[in-house]
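Here is what each chain is made of, one letter per residue.
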Amino acid sequence: CKRRNIPIDEIPLFGKDSIIVSKAQRLLVPYLFISTIAFYLKSLFSNLAVRPIDGTFDEYFLMLFFPYSNVICFYWFLPCLFLVFLFFVIIAKIVRPNITVLLFIIAIDLFVHISEDFFLNLDGVLFYMQFFVLGYVSSLHNWHKVIKEKCLPIAIVTIILSIIIFQVSAKVHLDNKNIISSVNGILMSVSLGCLYDKYKCKFFKHLFGASYMIYLYSWFVQTICFQFVYENFHIPFKIVFCCAIISSIYIPLILHLWF
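This is a predicted model, so every value here is computed, not measured.

Peer 1: When you look at the overall build of the protein chain in this model, what are you seeing that I'm missing?
Peer 2: What the protein chain contains, in helices and strands, is 10 helices and 2 strands. Starting at the N terminus and walking to the C terminus, you meet the elements of the protein chain as β-β-α-α-α-α-α-α-α-α-α-α. Its C-alpha atoms put the protein chain at 55 × 45 × 45 Å along the principal axes. When each of the 259 residues of the protein chain is scored for burial, the buried share is 34%. Across the protein chain, the fraction of contacts at a sequence separation of at least 24, relative to all contacts at a separation of at least 6, is 68%.

Peer 1: Please clarify how the environment of Tyr-215 should be interpreted in this entry.
Peer 2: Position of Tyr-215 among the secondary structure elements: in helix H9 (residues 211-233). In this structure Tyr-215 comes out as partly exposed when scored by relative accessible area, which is 35%. Once residues lying within four places of it in the same chain are set aside, the contact partners of Tyr-215 are Phe-74, Tyr-75 and Phe-77.

Peer 1: What's the story with the nonpolar core in this structure? I'm lost.
Peer 2: Where a protein is soluble and globular, its nonpolar side chains tend to be buried together. Within the largest apolar cluster, 42 residues are counted, with the highest numbers of intra-cluster contacts made by Ile-19, Val-71, Ile-72, Tyr-75, Leu-78 and Val-133. Elements represented by at least two residues in this core include exactly helix H1 (19-44), helix H2 (57-65), helix H3 (77-94), helix H4 (99-109), helix H5 (122-140) and H9. Not counting residues within four places of it along the chain, the set of residues in contact with Leu-78 comprises Leu-27, Tyr-31, Tyr-212 and Leu-216.

Peer 1: When you look at unusual backbone geometry in this model, what are you seeing that I'm missing?
Peer 2: In most cases, non-glycine residues show a negative phi, while peptide bonds are predominantly trans. Despite not being glycine, Asn-142 shows a phi value in the positive range, around 55°. By the element assignment, Asn-142 lies in the loop between H5 and helix H6 (143-149).

Peer 1: It is not clear to me how the packing of H1 against H2 should be interpreted in this structure. Could you clarify?
Peer 2: Any two packed helices are characterised by how steeply their axes cross, that is the angle between the axes, and by the distance between the axes. Between H1 and H2, the shortest axis-to-axis distance is 11 Å and the interhelical angle comes to 145°. The chirality of how H1 crosses H2 is right-handed. Residue-level contacts link Tyr-31, Leu-32, Ser-35, Thr-36 and Phe-39 of H1 to Glu-59, Tyr-60, Met-63 and Leu-64 of H2. When the residues that make up the contact of H1 with H2 are grouped by side-chain class, the tally is 6 nonpolar, 2 polar and 1 charged.

Peer 1: I would appreciate a short explanation of helix H7 (residues 151-169) in the present structure.
Peer 2: Helical geometry note: an α-helix holds 3.6 residues per turn, so side chains three or four residues apart project in the same direction. Compared with an ideal rise of 1.5 Å per residue, which puts 19 residues at 27 Å, H7 spans 26 Å between its outermost C-alpha atoms and is within 8% of the ideal. What H7 keeps buried is the set Cys-151, Ile-154, Ala-155, Thr-158 and Ile-165. The buried residues of H7 occupy an angular sector of 95° when projected down its axis, which confines them to one face.

Peer 1: Help me understand the packing of H4 against H5 in this model?
Peer 2: Contact geometry of H4 with H5 gives a least axis separation of 9 Å together with a crossing angle of 160°. By the criterion of interaxial angle, the relationship of H4 to H5 is roughly antiparallel. Once H4 is placed against H5, the crossing between them reads as left-handed. Contacts between H4 and H5 involve Ile-99, Leu-102, Ile-105, Ile-106, Ile-108 and Asp-109 from the former and Leu-126, Phe-127, Met-129, Gln-130, Val-133, Leu-134 and Val-137 from the latter. The residue makeup of the contact of H4 with H5, split by class, is 11 nonpolar, 1 polar and 1 charged.

Peer 1: Looking at this model, I keep getting lost on the environment of Lys-42. Mind explaining?
Peer 2: By secondary structure assignment, the location of Lys-42 is in helix H1. Under the relative-accessibility criterion, Lys-42 is labelled buried at 10%. Considered as a pair, Lys-42 and Glu-59 are 17 residues apart in the sequence and their alpha carbons are 12 Å apart.

Peer 1: Sorry if this is basic, but what is going on with the packing of aromatic side chains here?
Peer 2: Here the distance between the centres and the angle between the planes together describe a pair of aromatic rings. Inspection of every chain in the model, using the stated rule, returns 24 aromatic pairs. Taking 5.4 Å as the distance between ring centres and 80° as the angle between the ring planes, the aromatic pair formed by Phe-74 and Tyr-75 counts as edge-to-face. With relative accessibility at 0%, the residue Tyr-75 sits in the buried group. Grouped by ring-pair contacts, the aromatic residues Tyr-68, Trp-76, Phe-127, Tyr-128 and Phe-131 constitute a single cluster. Over the ring of Phe-85 we find Lys-23, and its NZ or CZ is 4.2 Å from the ring centre.

Peer 1: Help me understand the state of the cysteines, please; the structure alone is not making it clear to me.
Peer 2: By definition, a disulfide links two cysteine residues through a covalent bond between their sulfur atoms. Taken as a whole, this structure holds 0 disulfides when the rule is applied. Distance from the sulfur of Cys-151, which forms no disulfide, to the nearest cysteine sulfur (Cys-194) is 5.6 Å. By relative accessible area, which is 1% here, Cys-151 ends up buried. No disulfide involves Cys-225; its nearest neighbouring cysteine sulfur is the one of Cys-243, lying 6.6 Å away.

Rules and cut-offs
Just so you know, the residues in each chain are numbered from 1, in the order the chain's sequence is written. Reporting of local features is limited, given that this is a predicted model, to residues whose pLDDT is at least 70; pairs of side-chain atoms are given and counted only at 80 or more, and all residues count toward the totals for whole chains, interfaces and linings. With hydrogens and water stripped out, all remaining heavy atoms of the structure feed into the side-chain values. By the criteria applied, helices consist of DSSP H or I runs no shorter than four residues and strands consist of E runs no shorter than two, each listed in order from the N terminus. Only protein chains enter the accessibility calculation, which uses a 1.4 Å probe; a residue whose area is less than 20% of its type maximum is buried, one above 50% is exposed, and one in between is partly exposed. Working rule for contacts: check all heavy atoms of both residues, and any pair within 4.5 Å makes them a contact. Definition of nonpolar core: a set of buried residues of the types Ala, Val, Leu, Ile, Met, Phe, Trp, Tyr and Cys, connected through side-chain atoms within 4.5 Å. Lines fitted to the C-alpha atoms define the axes, with helices restricted to the stretch that makes contact. Angles between their N-to-C directions range from 0 to 180 degrees. A clockwise turn of the near helix away from the far one marks a right-handed crossing, whereas an anticlockwise turn of less than a right angle marks a left-handed crossing. Following the grouping adopted for this structure description, the nonpolar residues are Ala, Val, Leu, Ile, Met, Phe, Trp, Tyr, Cys and Pro, the charged ones are Asp, Glu, Lys and Arg, and the polar ones are all others, Gly among them. In a helix, the anticipated span is given by 1.5 Å times the number of residues less one. Our arc is simply the arc of the directions from the helix axis toward the C-beta atoms. Oblique is the label for any angle not covered by the other classes, which are roughly parallel (under 35 degrees), roughly antiparallel (over 145) and roughly perpendicular (65 to 115). Working definition: rings of Phe, Tyr and Trp (its six-membered ring) pair if their centres are within 6.5 Å, and the pair is stacked with planes under 30 degrees apart, edge-to-face with planes over 60 apart, and tilted otherwise. The criterion for a charge sitting over a ring is simple: Lys NZ or Arg CZ within 6 Å of the ring centre, and within 35 degrees of the ring normal. By disulfide we mean two sulfur atoms from cysteines, separated by a distance within 2.5 Å.

Structure (structure tokens):
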């Protein structure tokens, strides 16, 4: 509920310690830096790419302001998360986020369709805001303690629901399946994390703190494996797939430890 012991509604919008500066350094700088490198590399090897590009300045600026068209398309979440943080602090300065606000945002989101070609993904910002507010409200009411106490049955139920949702969504169009599956997935992830902590598991300990770096740089490694190694050396796909998964985790991990 607080950032550096400062209530949400008191976090400054501008200045050295503002939400804009801190989140821009964390989210927008990597977005701009890595996207620029990826764009340059992809323009050089466009003939090998699944989505070829022309490498023009217009194309470069369009990909920055329309995140789903980025050469690394899964980087859409970086500017989206920056705007979610910013708008959430603004909302908190006007009205304290609570269950009523959460339900209001969910009601609005029932009519939101993410087009993937909207400027700065603003429609996506509105859609994902509900999960941000949900996290804030759950923190206020200590819902995580309930999940921690009941982590095993919650994990079992959410895993079963995930299978059911996957099977149903493959056959029937569900308008709200994104919300349903997302909340279910959040509960499943948190409950599994609680089980991991409860039984003092250690098999992911060496990756602690590196998840963000792995996410940022895994694209480069996977692209090399699939677009260069697989296409040119005709190594069996299963072997390339396994190598891509392992290397996309541990090469960024090395970078994380190095820097």
